[in-house]
Every structure is written in C-alpha cells, then in structure tokens.
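# Report on the structure
Read off the chains here:
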Amino acid sequence: MMPPYCAICNASHRDQDYESFTLVYFRPVAPPLGHEGHPENALWFCKDHIRYTEGKTEMSAIVAMVHIRAAIRRNAPNPWPLASMP
C-alpha cells in the first residue's frame, strides 16, 4: 500500500500526520490481479479535500478525479472578477 499522498494537492505524510489522510475506494474498473500493492481504485485525500469525494465513490477513480477537480475549480476565487474590468 502506498503511504498517504493527497491526490489533489500532493500533501504527503511528511507534511501532515497520518490521521489527516483518508483512503477512498472508487468503483474498480478491472478485476484484482491477485498481487499485493496499492489498489488501482483507491486514492488518498487530505483533510482539506476529502469532502469533494462525497457521492463519487460509484465512479471510477479517473472519472471521479475529473469531477473532483472541476468542483475545486468552481469553488476557487476568480482572479479576474468582472467588477475589476475598466
């Protein structure tokens, strides 16, 4: 299993304690190969980004990440608001 490493911001277990990370399992797209290691459908998320995974565990990890990144971009402050235009 891989050590905690946020799939969004790349925070690692060196930056935060292990309890700050949650391993989220998404819908698998391939049958398990029967070997040990990190599952292809599991991703780590830090405490700041875990909320974006809610309701997305029925998606594959790839599709879920597209939706999660879009949600984060929508919530980001606009660097060029229309009010600042001359």
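Residues numbered from 1 in each chain as written. Predicted model: local features only at pLDDT ≥ 70, side-chain atom pairs only at ≥ 80, totals over all residues. Heavy atoms only, no water.

## Overview of the overall build of the protein chain
Within the protein chain, the secondary structure is distributed over one helix and two strands. Shown N-terminal to C-terminal, the secondary structure of the protein chain runs as helices and strands in the order β-β-α. The buried share among the 86 residues of the protein chain stands at 30%. At a minimum sequence separation of 6, the contacts of the protein chain that also span at least 24 residues come to 49%. Summed over all atoms, the accessible surface of the protein chain reaches about 6,300 Å², with 59% contributed by carbon and sulfur. (Helix = DSSP H or I, 4+ residues; strand = E, 2+ residues; numbered from the N terminus. Buried < 20%, exposed > 50% of the residue type's maximum accessible area, 1.4 Å probe, protein only. Contact = heavy atoms within 4.5 Å. Areas by Shrake-Rupley, 256 points an atom, 1.4 Å probe, with all protein chains shown as cover.)

## What about the packing of aromatic side chains?
Tallied over the entire structure, the rule returns one aromatic pair. Between Phe-26 and Phe-45 the ring centres are 6.2 Å apart and the planes differ by 70°, which places this aromatic pair in the edge-to-face class. Placement of the pair is Phe-26 in the loop between strand E1 (21-25) and strand E2 (42-46) and Phe-45 in strand E2, with a sequence separation of 19 residues. By relative accessible area, Phe-45 is classed as buried at 0%. (Phe/Tyr/Trp six-rings, centres within 6.5 Å; stacked < 30°, edge-to-face > 60°.)

## Regarding the environment of Cys-46
With respect to the element layout, Cys-46 can be found in strand E2. Sequence spacing of Cys-46 and Cys-6 is 40 residues, and the spatial spacing of their C-alpha atoms is 5.3 Å. Apart from the residues lying within four places of it in its own chain, the contact partners of Cys-46 are Cys-6, Cys-9, Gln-16, Ser-20 and Phe-21.

## Brief notes about the nonpolar core
Among the nonpolar cores identified, the biggest contains 16 residues, and Cys-6, Ile-8, Phe-21, Phe-26, Phe-45, Met-65 and Ile-68 are the most heavily contacted of them. The set of elements that each furnish at least two residues to this core consists of E1, E2 and helix H1 (61-75). For this core, the element with the most residues is H1, which contributes five residues. What Met-65 contacts, discounting residues up to four positions off in sequence, is Ala-7, Ile-8, Leu-43 and Phe-45. (Core = buried A, V, L, I, M, F, W, Y, C linked by side-chain atoms within 4.5 Å.)

Keep in mind that these numbers describe shape and distance, not what the molecule does.
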